[in-house]
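Survey of secondary and tertiary structure
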Amino acid sequence: KAGVTQTPRYLIKTRGQQVTLSCSPISGHRSVSWYQQTPGQGLQFLFEYFSETQRNKGNFPGRFSGRQFSNSRSEMNVSTLELGDSALYLCASGTGNTEAFFGQGTRLTVV
Amino acid sequence: GQNIDQPTEMTATEGAIVQINCTYQTSGFNGLFWYQQHAGEAPTFLSYNVLDGLEEKGRFSSFLSRSKGYSYLLLKELQMKDSASYLCPAKAGTALIFGKGTTLSVSS
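Owing to the predicted nature of the structure, the values given are computational and were not obtained by experimental measurement.

Parameters at a glance
- Residues numbered from 1 in each chain as written.
- Chains lettered and ligands numbered in written order.
- Predicted model: local features only at pLDDT ≥ 70, side-chain atom pairs only at ≥ 80, totals over all residues.
- Heavy atoms only, no water.
- Helix = DSSP H or I, 4+ residues; strand = E, 2+ residues; numbered from the N terminus.
- Rg over C-alpha atoms; globule rule 2.2 N^0.38 Å.
- Contact = heavy atoms within 4.5 Å.
- Areas by Shrake-Rupley, 256 points an atom, 1.4 Å probe, with all protein chains shown as cover.
- Lys, Arg positive; Asp, Glu negative; His and termini not counted.
- Charge placed at Lys NZ, Arg CZ, Asp CG, Glu CD.
- Disulfide = S-S within 2.5 Å.
- Buried < 20%, exposed > 50% of the residue type's maximum accessible area, 1.4 Å probe, protein only.
- Phe/Tyr/Trp six-rings, centres within 6.5 Å; stacked < 30°, edge-to-face > 60°.
- Polar contact = N/O pair within 3.5 Å; in protein donor to acceptor, adjacent residues only side chain to side chain.
- Pairing = 2+ DSSP bridges.
- Axes fitted to C-alpha atoms, helices over the stretch in contact; angles between N-to-C directions.
- Buried area = accessible area lost by both parts, 1.4 Å probe.
- Salt bridge = Lys/Arg side-chain N within 4 Å of Asp/Glu carboxyl O.

**Let's talk about the overall build of chain A**
Assigned secondary structure in chain A consists of zero helices and 11 strands. The secondary structure elements of chain A, listed N-terminal to C-terminal, are β-β-β-β-β-β-β-β-β-β-β. Computed over C-alpha atoms, the radius of gyration of chain A comes to 13 Å, within 12% of the 13 Å expected from 2.2 N^0.38 for 111 residues, which places it in the range of a compact globule. Its C-alpha atoms give chain A principal-axis dimensions of about 35 × 25 × 25 Å. Restricting to contacts in chain A with at least 6 residues of sequence separation, those with at least 24 account for 52%. Total accessible area on chain A stands at roughly 5,300 Å², and carbon and sulfur atoms take up 47% of it. Looking at chain A, you have 11 positive and 6 negative side-chain charges, and the mean spots of the two groups are 4 Å apart.

**Remarks on the state of the cysteines**
Residue and element names in this part refer to chain B. Applying the stated criterion to the full structure yields two disulfides over all chains. The partner cysteine of Cys22 in its disulfide is Cys88, sulfur to sulfur 2.0 Å. Judged by the sign of its S-S torsion, about 80°, the cystine formed by Cys22 and Cys88 is right-handed. Here the residue Cys22 occupies a position in strand β3 (residues 18-25), and Cys88 occupies one in the loop between β9 (84-87) and β10 (90-92), the gap between them amounting to 66 residues. The class of Cys88 is buried, set by a relative accessible area of 1%.

**Some points on the packing of aromatic side chains**
In total, this model carries 15 aromatic pairs over all chains according to the counting rule given. Look at Phe47(A) and Tyr49(A): their rings are 5.7 Å apart centre to centre, the planes differ by 70°, and that puts the pair in the edge-to-face class. Residue Phe47(A) is classed as buried on the basis of its relative accessible area, which comes to 1%. Given a relative accessible area of 4%, Tyr49(A) falls into the buried group. Where Phe102(A) meets Phe98(B), the ring centres are 6.3 Å apart and the plane angle is 70°; that geometry is what we call edge-to-face.

**A few points about the environment of Ser62(B)**
All names here are of chain B. Of note, Ser62 is situated in strand β7 (residues 60-65). Along the chain, Ser62 and Gln6 lie 56 residues apart, while their C-alpha atoms are 14 Å from each other. Apart from the residues lying within four places of it in its own chain, the contact partners of Ser62 are Trp34, Ser47, Asn49, Gly53, Leu54, Glu55, Tyr72 and Leu73. Among the polar contacts made by the side chain of Ser62, one reaches the side chain of Ser47 at a distance of 3.0 Å. Within the structure, Ser62 has its side chain in polar contact with the side chain of Asn49 (distance 2.6 Å).

**Some points on the sheet that holds strand β8 (residues 74-78) of chain A**
Residues and elements named next belong to chain A. Taken in spatial order, the four strands make up an open sheet running β1-β3-β8-β7, and their pairing is antiparallel. Pairing within the sheet leaves two strands with one partner each, and these edge strands are β1 (5-7) and β7 (64-68). For this sheet, the mean inter-axis angle between neighbouring strands, taken without regard to orientation, is 20°. Pairing analysis gives five bridges linking β7 to β8, with the strands arranged antiparallel.

**Considering the interface of chain B and chain A**
Contacts between the two partners involve 16 residues from chain B, matched on the other side by 19 residues from chain A. Here chain B and chain A share an interface that buries about 1,500 Å² over both sides, 54% of which is from carbon and sulfur atoms. Viewed at the interface, chain A and chain B are joined by zero salt bridges. Linking chain B with chain A are six residue pairs in polar contact (both at pLDDT 80 or more). Those elements that provide at least two residues to the side of chain B that touches chain A are β4 (29-37), β5 (44-49), β10 and β11 (95-97) of chain B. Top contributing element to the side of chain B that touches chain A by residue count: β4(B), with three residues.

Laid out in structure tokens, this is it:
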């Protein structure tokens, strides 16, 4: 059974640009969550999607957005990038009721 | 507010037993997870407790007390490969709320 796949693995962007990250969940999983991981703050919840609907949102500015497609794949977008957005972005998939399985993450560096 | 507290760092010796404590304050509590994360890798699932009590899985056991907002992960017969960060996110609604994790260093 394939795991959670995130692309790209690494990304370097300039301040002010926008970026789109992709997450393909484990087959059959309809819940996809996104997290930002930084050394100072640890893992912080961004948002969760289930069957194309955003069910929950963390405390991040509106520059962070996401969506989920009918095949459960999800994308998150960050607009007007800031240096502080440099982080590891992790996506996790699940059935919505039990444990979440994490992807390897996308390492975003904003310069 | 939502808050998870864990010790920042712990050290132990190969073959020993170590207990990593976690206290939580969350609204809409729906269970507590333990994940292991090696440097540069994705977190991997270890255990899930939603009811009070002890869950045992091989060398790892996890305990939950909902009334005290407290959990612990017990690791027995420590091995060098257990050196990692241990995370105890609480499930609040459909979100996982994380603390900053506990870095465990196992030495020979």
